[in-house]
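# Inside the fold
Single-letter residue listing:
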Amino acid sequence: MSLKELFSEESASSDFGAVYMILVFAIAALALIVVVKPMYKSAQKSIPKSISN
């Protein structure tokens, strides 16, 4: 194996690692949006009820 092949394999694996991390963060962000958004909607509905009492 030549030195050039070694470096090309290393850069390819680091590119895949970066893509993998971006995918992980995107999935985590979507999961947070799916979980947190309904909580805010329910909180907004309960605010007028607590103020009027």
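Residues numbered from 1 in each chain as written. Predicted model: local features only at pLDDT ≥ 70, side-chain atom pairs only at ≥ 80, totals over all residues. Heavy atoms only, no water.

### As for the overall build of the chain
A tally of regular secondary structure across the chain gives one helix and zero strands. By the burial criterion, 0% of the 53 residues in the chain qualify as buried. Only carbon and sulfur atoms are counted for the fraction: they give 73% of the accessible area of the chain, which is about 5000 Å². (Helix = DSSP H or I, 4+ residues; strand = E, 2+ residues; numbered from the N terminus. Buried < 20%, exposed > 50% of the residue type's maximum accessible area, 1.4 Å probe, protein only. Areas by Shrake-Rupley, 256 points an atom, 1.4 Å probe, with all protein chains shown as cover.)

### As for a nonpolar patch on the surface
A surface patch of nonpolar side chains, amounting to about 560 Å² of accessible area, comprises Phe16, Tyr20, Met21, Val24 and Phe25. Looking at where Val24 falls in the secondary structure, it is placed in helix α1 (residues 3-52). (Patch = residues over 30% accessible without salt bridge, like charges linked within 9 Å, V, L, I, M, F, W, Y side chains within 5 Å. Salt bridge = Lys/Arg side-chain N within 4 Å of Asp/Glu carboxyl O.)

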